[in-house]
Amino acid sequence: MSTPVIKRIETIKRSIEPLRQEIINHKIYSQIRSVSDLQVFMQYHVFAVWDFMSLLKALQNNLTCTTVPWFPVGSGDTRYLINEIVVGEESDIDAEGKRTSHFELYADAMKQCAADTSVIDSFIRNLRNTGDLNAALNDSGVPAEAAEFVRFTFRIIQSGKPHLQSAVFTFGREDLIPGMFLSMISELDTHFPRNISVFKYYIERHIEVDGGHHSQLAMEMTSNLCGDEETYWQEAEEAVVQSLKHRLALWDGVYRNLPSAQH
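Let me sum up the structure you'll find in this document. Remember, predicted model here, so these are calculated numbers, not experimental data. (Residues numbered from 1 in each chain as written. Predicted model: local features only at pLDDT ≥ 70, side-chain atom pairs only at ≥ 80, totals over all residues. Heavy atoms only, no water.)

1. As for the side chain of Ser101
Checked against the element boundaries, Ser101 lands in the loop between strand 2 (99-100) and helix 5 (102-113). Among the polar contacts listed, one links the side chain of Ser101 to the side chain of Glu104, at a separation of 2.8 Å. Setting aside its immediate chain neighbours within four residues, Ser101 contacts Met53, Glu89, Glu90 and Ser91. (Helix = DSSP H or I, 4+ residues; strand = E, 2+ residues; numbered from the N terminus. Polar contact = N/O pair within 3.5 Å; in protein donor to acceptor, adjacent residues only side chain to side chain. Contact = heavy atoms within 4.5 Å.)

Here's what the structure looks like:
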């Protein structure tokens, strides 16, 4: 990356650092103390996992040719970056070496943990049948904070602006899992391995793949898409800030509903 692009990346990082710290230090992480707490967390968080996949596929649709007849789209470098990320997110491996998407892995973790999957299942079924996002969110009883989180993501998707989609994907969704959360999950897994092991694997895989290699690829992709366009960088920064605010609102919603936080 050129020096001007590196400076723009650093500008965004400085701008969002206070929000990142709020998310990383959110009281939700220390409040999850039992399998029951984790079940509630997962019932909200699964929507962020699902719409992350939707954001990813929107980028692939916009940055590569996914229709027939095929024609070259965009730059080869950007095509490579998004396609490599898609392979990892859509067809990773589970703990037994079976190919699966990160969303399906998360759904497996919910089932093992006995978290209620009826809402996410209903939402996906309704959306598949009707194609109406708002109706599916409303009719399925999706928690308000999760529904608004998904709506924001789809506003970014429907903007048709790959530089916004890439920026939110890069800065708004990665590197937001504090060490204390992984320690807590490891502690729960020690006591309840038959309930937590798949989720623990998911979190470890997320940190290893999404927070590491994929994070660097996404950074390069955003840099390529914004390029020398000052307006693109400004729009990207604004979108990322809004994305992190929606993440905070999502965590606030989860926290209010944790069994251990009830008074």
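2. Section: unusual backbone geometry
Each neighbour pair has its own omega, and for Val68 with Pro69 the value is 5°, a cis peptide bond. Here Pro69 lies in the loop between helix 3 (35-63) and helix 4 (76-90). Even without glycine at this site, Ala114 takes up a positive phi of about 65°. Positionally, Ala114 belongs in the loop between helix 5 and helix 6 (118-130).

3. Concerning helix 6
It helps to recall that an α-helix has 3.6 residues per turn; residues three or four apart then point in one direction. Here helix 6 spans 18 Å end to end across 13 residues, near enough to the 18 Å set by a 1.5 Å rise per residue. Taken together, the buried positions of helix 6 are Ile120, Ser122, Phe123 and Leu127. Viewed end-on, helix 6 has its buried residues packed into an arc of 160°, placing them on one side of the element. When the buried face of helix 6 is taken as reference, the exposed residues oriented beyond 90 degrees from it are Arg128 and Asn129. On its buried face, helix 6 is in contact with helix 3, helix 5 and helix 7 (133-139). Phi turns positive one or two residues past the end of helix 6, at Gly131, with a value near 70°. (Expected span 1.5 Å × (residues − 1). Buried < 20%, exposed > 50% of the residue type's maximum accessible area, 1.4 Å probe, protein only. Arc of directions from axis to C-beta.)

Read these as spatial facts, not as claims about activity.
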